[in-house]
Amino acid sequence: MSPEVLSTPVVDTAKTPPDRAHSRARAARRRRIVVGVSRVLLLVAVLGLWEVLARAEVIDPFNFSMPSKIWDQIWTWITHGTALGSLGEQIWYTLHEALLGWVFGVVAGVVFGIALGRITLLADVLGPYIKVLNSIPRIVLAPIFVIWFGLGPASKVASAVVLVFFPVFFNAFQGAREVDRNLVANARILGASDRRVTLQVVIPSATSWIFTSLHVSFGFALIGAIVGEYIGATKGIGLLVAQSQGTFNAAGVYAAMVILAVVALVAEGLLTFAERRIFRWKPAGSDS
């Protein structure tokens, strides 16, 4: 055997795939760190610029307030409560209305979406009516719900339901229509009834579509509850916004918006966690 052959290095192919996987994991970790740090720096830069411009009166601090005053307002609400009661009570009141509206809207959207996606005759009959209802600006229904249901939680829940229903409905409908026809045909060949095809083939296939709408719909539920409270309520974050606006307290308006943003981000995180647990079989690259 020649010396050149003896001196050729031997590559351990068994170690290559783990090394590549480890490199990819480190790259993904570094990217997450870079993204996280960049987000924090961007937020700090925006808030710092806002504070400087307001203190220098380049922008009107009375109308635009400033981050320090917004934080002072939030801290005052946390430590001393609001004119309506404790801050936690206001958050829970709004969150309770939003959650109820979200649950009812999601259930109704999924049921109607799957039903119309599976039953063509039903879709043909109800399709025009759904399009007409969807074309109505649903925010304008909030005053009607206040007239119908009063100033209590029911009017806010109704506002949240109509905002949540349509995005969930259209995603569930599309998901039911996009089911692989071969899967449905194979299930029927194996003797599955319409009910079993719907429960065991159609709904699991449409789950990705439905979860996509859930991320957006909870924000809509919060909007519905807030708008309803803003128009007429006895408590809640929306009423805090209305009172702050009525007293020209810009810091109070922004403080309420910050609280809502935090609630929405927490809800989004929980939904993302649940989605990852349910769709653990999906490759990481397929996540939207």
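Let me begin by describing the structure that accompanies this report. (Residues numbered from 1 in each chain as written. Predicted model: local features only at pLDDT ≥ 70, side-chain atom pairs only at ≥ 80, totals over all residues. Heavy atoms only, no water.)

**Digging into the overall build of the protein**
- Counting its regular elements, the protein contains 12 helices and zero strands.
- The secondary structure elements of the protein, listed N-terminal to C-terminal, are α-α-α-α-α-α-α-α-α-α-α-α.
- Taken over 288 residues, the protein has a buried fraction of 34%.
- Taking contacts inside the protein between residues at least 6 apart in sequence as the whole, the part at least 24 apart equals 74%. (Helix = DSSP H or I, 4+ residues; strand = E, 2+ residues; numbered from the N terminus. Buried < 20%, exposed > 50% of the residue type's maximum accessible area, 1.4 Å probe, protein only. Contact = heavy atoms within 4.5 Å.)

**Description of helix H7 (residues 141-149)**
- Turning to H7, its buried residues number three or more, namely Ala142, Phe145 and Val146. All buried residues of H7 fall inside an arc of 105° around its axis, so they share one side. Across from the buried face of H7, at angles greater than 90 degrees, the exposed residues are Ile147 and Trp148.
- Backbone geometry just downstream of H7 places Gly150 in the positive-phi region, at approximately 85°. (Arc of directions from axis to C-beta.)

**Brief notes about helix H11 (residues 237-246)**
- Taken as a whole, H11 has its buried residues at Ile237, Gly238, Leu239, Leu240, Val241 and Ser244.
- Positive phi shows up at Phe248, right after H11, with a value of about 55°.

**Things to note about a nonpolar patch on the surface**
- Together, Leu100, Val103, Phe104, Val107, Val111 and Phe112 make up a nonpolar patch on the protein surface, roughly 520 Å² of accessible area in all.
- Secondary-structure assignment places Phe112 in helix H5 (residues 87-118). (Patch = residues over 30% accessible without salt bridge, like charges linked within 9 Å, V, L, I, M, F, W, Y side chains within 5 Å. Areas by Shrake-Rupley, 256 points an atom, 1.4 Å probe, with all protein chains shown as cover. Salt bridge = Lys/Arg side-chain N within 4 Å of Asp/Glu carboxyl O.)

**Observations concerning unusual backbone geometry**
- Despite not being glycine, Ser65 shows a phi value in the positive range, around 55°.
- Overall, the relative accessible area of 2% leaves Ser65 in the buried class.
- Within the chain, Phe248 stands out as a residue other than glycine whose phi angle is a positive 55°.
- Here Phe248 lies in the loop between H11 and helix H12 (250-278).
- By relative accessible area, which is 61% here, Phe248 ends up exposed.

**Some thoughts on the pattern of salt bridges**
- Applying the stated criterion across every chain yields a total of two salt bridges.
- Note that Glu51 is salt-bridged to Arg55, the shortest N-O span being 2.6 Å. With Glu51 and Arg55 both in helix H2 (residues 16-55) and four residues apart, the pair spans about one turn of that helix.
- Take Glu51: its relative accessible area is 14%, and that puts it in the buried class.

**Concerning the packing of aromatic side chains**
- On inspection of all chains with the given rule, the structure shows 12 aromatic pairs.
- With centroids separated by 6.0 Å and ring planes inclined at 75°, the aromatic side chains of Phe112 and Phe165 adopt a geometry described as edge-to-face. Placement of the pair is Phe112 in helix H5 and Phe165 in helix H8 (residues 153-177), with a sequence separation of 53 residues.
- Exposure remark for Phe112: the relative accessible area of 42% places this residue in the partly exposed category.
- Both rings, one in Phe169 and one in Phe173, keep their centres 6.0 Å apart while their planes meet at 20°; by these two values the pair is stacked. Linking Phe169 with Phe173, this pair stays in helix H8, spanning four residues, or about one helical turn.
- The exposure class of Phe173 is buried, given its relative accessible area of 18%.
- In this structure an aromatic cluster arises from ring pairing among Phe112, Phe165, Phe166, Phe169, Phe170 and Phe173. (Phe/Tyr/Trp six-rings, centres within 6.5 Å; stacked < 30°, edge-to-face > 60°.)

**Some points on the packing of H5 against helix H6 (residues 120-135)**
- It is at 6 Å that the axes of H5 and H6 come closest, and there the two elements cross at 125°. Classified by the interaxial angle, the pair formed by H5 and H6 is oblique. Across from Ala115, Leu116 and Arg118 in H5, the residues of H6 making contact are Thr120, Leu122, Ala123, Leu126 and Ile130.
- Tallied by class, the residues present in the contact of H5 with H6 amount to six nonpolar, one polar and one charged. (Axes fitted to C-alpha atoms, helices over the stretch in contact; angles between N-to-C directions. Parallel < 35°, antiparallel > 145°, perpendicular 65-115°, else oblique. Nonpolar A, V, L, I, M, F, W, Y, C, P; charged D, E, K, R; others polar.)

**Re the side chain of Ser244**
- Relative to the helices and strands, Ser244 is located in helix H11.
- For Ser244, a relative accessible area of 4% puts it in the buried group.

**Remarks on a positive patch on the surface**
- A grouping of Arg26, Arg29, Arg30, Arg32 and Arg276 is seen on the molecular surface, where their side chains present a positively charged patch.
- Here the positive patch gets four residues from one element, more than from any other, and that element is H2.
- Mapped onto the elements of the fold, Arg32 is located in helix H2. (Lys, Arg positive; Asp, Glu negative; His and termini not counted. Charge placed at Lys NZ, Arg CZ, Asp CG, Glu CD.)

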